Amino acid sequence: MTNYLVTGGCGFIGSNFIKFIMGFSDTTVCNIDKLTYAGNPLNLLEFENDERYSFYRVDICDKKKVETIFKSRKIDIVVHFAAESHVDRSILSGIEFVKTNVEGTQSLIDVSRDYSVQQFIHVSTDEVYGSIKEPGKFTEKSELHPNSPYAASKASSDLMVLAAIRTHDFPAKITRCSNNYGPFQYPEKLIPLMVSNILEGKSLPIYGTGANIRDWIYVDDHCEGIYSVITKGRAGEVYNIGGRSEIKNIDLVHKIADELGVVPTIDFVKDRLAHDERYAIDFSKISKECDWHPNIGLERGLKNTISWYENNTGWLDKVKSNEYITYYKAQYEKS
Ligand code: NAD
Ligand code: DAU
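Keep in mind that this is a model prediction, so the values were computed, not measured. (Residues numbered from 1 in each chain as written. Chains lettered and ligands numbered in written order. Predicted model: local features only at pLDDT ≥ 70, side-chain atom pairs only at ≥ 80, totals over all residues. Heavy atoms only, no water.)

For the rest of this paragraph, the subject is the sheet that holds strand E7 (residues 179-181). One open sheet holds the 3 strands; their spatial order is E7-E9-E11, and the pairing between them is mixed. In this open sheet, the two strands that pair with only one neighbour each are E7 and strand E11 (246-248). Neighbour-to-neighbour, the strand axes of this sheet turn through a mean angle of 50 degrees, independent of strand direction. Of the strand pairs in this sheet, E7 and strand E9 (residues 213-218) are connected by 3 bridges, and their pairing is parallel. In the strand pairing of E9, asparagine 180 is matched with isoleucine 217. Helix H8 (residues 249-260) contacts E9 and E11 of the sheet and is inclined by roughly 90 degrees relative to E11. (Pairing = 2+ DSSP bridges. Helix = DSSP H or I, 4+ residues; strand = E, 2+ residues; numbered from the N terminus. Axes fitted to C-alpha atoms, helices over the stretch in contact; angles between N-to-C directions. Contact = heavy atoms within 4.5 Å.)

And the structure:
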């Protein structure tokens, strides 16, 4: 048996990753999640009665409670997703980002060292590199140049992990991935927000001119990339993960509208502060060392994603709670 401890497993990528590794019958998963606005236990309802799965509603900053969990069971591999993950929210207020992303990561490193885990996978982001002009691509050697409070908190957590590797020979690996999309993504992020607004007949808010470029990766490809790093990657190393699907925001939004068969009402709204112009990922290292590359192109991935949201309007309605309405007003209806 391989015993995983996954943090943030009720969020978007964490829940997709848990579904992926629960597919291996020699695996147990212990999921620690604080259940912030972004955490949704409904995402993992299928494992409610599965003896290989357990869930603890715990804040990763609460070291005592996390220690109790490590004490009660053997943990082989930690996969650390828990984070405040949305750039716009970090611009509204940064403090939770420092608490969870920096303090929470350090606390988890400390407990993982005390209990001698075999591997610690720190799930990070390409945003730590900042923005890059065409035709450049971020490599693992690119300078860290985070621009948003979110990106700065993730870069800080990467540095804490790298320090533990150097100082304590901590068996960690870092993955830095580009923009994910797919089922179960909270509708504050671009793709589900646009789908949700179209389904509700609302206008589509595009920051600035919509010329910013992101490299989109279907969440299943990211999960497989993380798994390839666990099984084939070298301890102490950083691995970029990318989707080979660069596109301007405005073109992506038109694709979504086309797929849903509507003529979109686009609202060009005030630009995001310090809005990164372009992300682009060189993922040759993970390809060579871990034999991984993305499999699901943007056309197929978008079709899957849109039809998932169309078929799961109940899920969407539930997550668009009062918290979502308050956030939406603060973000999009400010004067
Ligand atoms: P998400 O916001 O959907 O989920 C985050 C999860 O973490 C939620 O379930 C939340 O309840 C939990 N959480 C937050 N604070 C916590 C705390 N203090 N203790 C315990 N649990 C806590 O995020 P996501 O999009 O699934 O991202 C997961 C990870 O992947 C993050 O570390 C993010 O930085 C990274 N990442 C995301 C993307 C992307 O495009 N979404 C790309 C690259 C990397
Ligand atoms: O690159 C990886 C990162 O991707 C992850 O680390 C983050 O957790 C994740 O949120 C994502 O960050 P972005 O800021 O790139 O994603 P977001 O979906 O918020 O925005 C994508 C692009 O769309 C960006 O250029 C801003 C723009 N945008 C976004 C929203 C929500 C709009 O134009 N309008 C919007 O309403």
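Structure shown, so let's carry the discussion forward.
Counting through the fold element by element, histidine 222 comes out in helix H7 (residues 219-232). Taking the relative accessible area as the measure of exposure, histidine 222 reaches 1% and is therefore buried. Between the alpha carbons of histidine 222 and valine 111 there is a distance of 26 Å; along the sequence they are 111 residues apart. Ignoring anything within four residues of it in the chain, the contact list for histidine 222 reads Ile13, Val123, Cys177, Asn180, Ile217 and Ile241. In this structure the side chain of histidine 222 is engaged in a polar contact, spanning 2.7 Å, whose partner is the side chain of asparagine 180. (Buried < 20%, exposed > 50% of the residue type's maximum accessible area, 1.4 Å probe, protein only. Polar contact = N/O pair within 3.5 Å; in protein donor to acceptor, adjacent residues only side chain to side chain.)

What follows deals with the sheet that holds strand E10 (residues 238-241). Pairing within the open sheet is parallel, and its 7 strands lie in the order E3-E2-E1-E4-E5-E6-E10. Each edge of the sheet is formed by a strand with only one pairing partner; in this case those strands are strand E3 (53-57) and E10. When strand polarity is set aside, the average angle formed by the axes of neighbouring strands in this sheet is 20 degrees. Looking at chain direction, strand E6 (residues 172-177) and E10 are connected through 4 bridges and run parallel. Note on E10: the bridge partner recorded for isoleucine 174 is valine 238. Contacting strand E1 (2-7), strand E2 (27-33), E3 and strand E4 (77-80), helix H2 (residues 63-72) runs over the sheet at an angle of about 165 degrees to E2.

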